[in-house]
Amino acid sequence: MNMTEKPLVLLVDDNEATCTLVTALLQRDFHVESALDGHEALEKLRIKQYAAILLDLRMPQPDGYAILEFLHSTRPELLKNVLVLTASLTPKELARVHDYKVCGIIPKPFDIDSLLQAVKDCATPGTTPLNPGGLISSSVILLLGELLRRM
């Protein structure tokens, strides 16, 4: 499969190690673009169509909720392609995210196989997405990301 045949995924996370790791995990099956803050994500979302959007909620302004609100008001059809990646959510925050009818929520730390399957499900129309749980610690994810970044 060449690069043009791969679905395009947008990864929005302000942690470079996480971006490096997730990109390495997904690049076999997807073309991955990263945005390290909300401003960069908004620019990309204004001009491109993505098969899936992996979105961290807690970032410098604008945060992930602002991205969700932007999609809700300008491109609501893309909300079904959003996977929220987050370390923790209060019940109120969880309800708020569910109100946007996103594809799924993936807790950090995440299980690598579950993340890959969730992105595949989210990027493929007509599939029922999983709501994977976390099995790898945050420190292991950050370590792997840092190691991959240095390669």
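Scroll up a little and you will see the structure.
Chemist: Give me the lowdown on the overall build of the chain, citing residues and values where you can.
Modeler: Within the chain, the secondary structure is distributed over six helices and five strands. Walking the chain from its N terminus toward its C terminus, one meets helices and strands in the order β-α-β-α-β-α-β-α-β-α-α. In the chain, which comprises 151 residues, the share counted as buried stands at 47%. Of all intrachain contacts in the chain linking residues separated by at least 6 positions in sequence, the fraction that spans at least 24 positions is 61%. Summed over all atoms, the accessible surface of the chain reaches about 7,800 Å², with 57% contributed by carbon and sulfur.

Chemist: Give a description of the pattern of salt bridges that names residues and reports values.
Modeler: Under the criterion given, the structure shown has eight salt bridges. Across the pair Lys108 and Asp56 runs a salt bridge, and its minimum N-O distance is 3.8 Å. Of this pair, Lys108 sits in the loop between strand E5 (104–107) and helix H5 (112–123) while Asp56 sits in strand E3 (residues 52–56); the two residues are 52 residues apart in sequence, bridging distant segments of the chain. This pair shows no difference in class: Lys108 is buried, exactly as Asp56 is. Ionic pairing is found between Arg75 and Glu77, a salt bridge with its closest N-O pair at 3.9 Å.

Chemist: Can you tell me about unusual backbone geometry, naming the residues and giving the values?
Modeler: Note that the residue after Lys108, namely Pro109, is joined by a cis bond; omega there is 0 degrees. Mapping Pro109 onto the fold places it in the loop between E5 and H5.

Chemist: Can you lay out the pairing of strand E4 (residues 82–86) for me, pointing to particular residues and giving the numbers?
Modeler: Buried residues dominate E4, accounting for five of its five residues. Covered by surrounding structure in E4 are Val82, Val84 and Thr86 together with Leu83 and Leu85, the residues of both alternating faces. Inspection of the sheet shows E3 paired to E4 by four bridges, in the parallel sense. Each bridged residue has a counterpart across the sheet, and for Leu55 the counterpart in E4 is Val84. One crossover worth recording links E3 to the parallel E4 by way of helix H3 (residues 64–74), and it is right-handed. Pairing of E4 with E5 involves four bridges; the strand directions are parallel. Opposite Val84, over in E5, you have Ile105 as the bridge partner. In terms of handedness, the path from E4 via helix H4 (residues 91–99) over to E5 forms a crossover that is right-handed.

Chemist: For the nonpolar core, give the residues involved together with the corresponding values.
Modeler: Grouped together as the largest cluster of nonpolar side chains are 25 residues, with contacts concentrated most on Val12, Leu45, Ile53, Leu68, Leu71 and Val82. Contributing elements (two or more residues each) for this core: strand E1 (8–12), helix H2 (38–47), E3, H3 and E4. Among the elements that make up this core, the one with the highest residue count is H3 (five residues). Other than its neighbours up to four places away in sequence, Leu45 contacts Leu10, Tyr50, Ile53, Ile67, Phe70, Leu71, Arg75 and Leu78. Val22, Ala52, Ile106 and Val119 belong to the second largest nonpolar core, which has 22 residues in total.

Chemist: Before we move on, could you go through the sheet that holds strand E2 (residues 31–35) and cite the residues and values that matter?
Modeler: Note: strands within a sheet are paired through backbone hydrogen bonds, in either parallel or antiparallel orientation. Within the open sheet, the five strands sit side by side as E2-E1-E3-E4-E5. Their pairing is parallel. Two strands close off the open sheet at either side, each with one partner strand: E2 and E5. For this sheet, the mean angle separating the axes of adjacent strands, direction not counted, is 20 degrees. Contacts from helix H1 (residues 16–26) reach E1, E2 and E3, with the element oriented near 160 degrees to E1. Running at roughly 135 degrees to E2, H2 makes contact with E1, E2 and E3 of the sheet.

Chemist: Can you lay out the packing of aromatic side chains for me, pointing to particular residues and giving the numbers?
Modeler: Aromatic ring pairs are described here by two measures, namely the spacing of the ring centres and the angle between the planes. Inspection of every chain in the model, using the stated rule, returns zero aromatic pairs. For the cation-ring pair, Arg96 lies above Tyr65, with the distance from its terminal atom to the ring centre recorded as 3.9 Å.

Rules and cut-offs
Residues numbered from 1 in each chain as written. Predicted model: local features only at pLDDT ≥ 70, side-chain atom pairs only at ≥ 80, totals over all residues. Heavy atoms only, no water. Helix = DSSP H or I, 4+ residues; strand = E, 2+ residues; numbered from the N terminus. Buried < 20%, exposed > 50% of the residue type's maximum accessible area, 1.4 Å probe, protein only. Contact = heavy atoms within 4.5 Å. Areas by Shrake-Rupley, 256 points an atom, 1.4 Å probe, with all protein chains shown as cover. Salt bridge = Lys/Arg side-chain N within 4 Å of Asp/Glu carboxyl O. Pairing = 2+ DSSP bridges. Right-handed = clockwise from strand over helix to strand, strands pointing away. Core = buried A, V, L, I, M, F, W, Y, C linked by side-chain atoms within 4.5 Å. Axes fitted to C-alpha atoms, helices over the stretch in contact; angles between N-to-C directions. Phe/Tyr/Trp six-rings, centres within 6.5 Å; stacked < 30°, edge-to-face > 60°. Lys NZ or Arg CZ within 6 Å of the ring centre and 35° of its normal.

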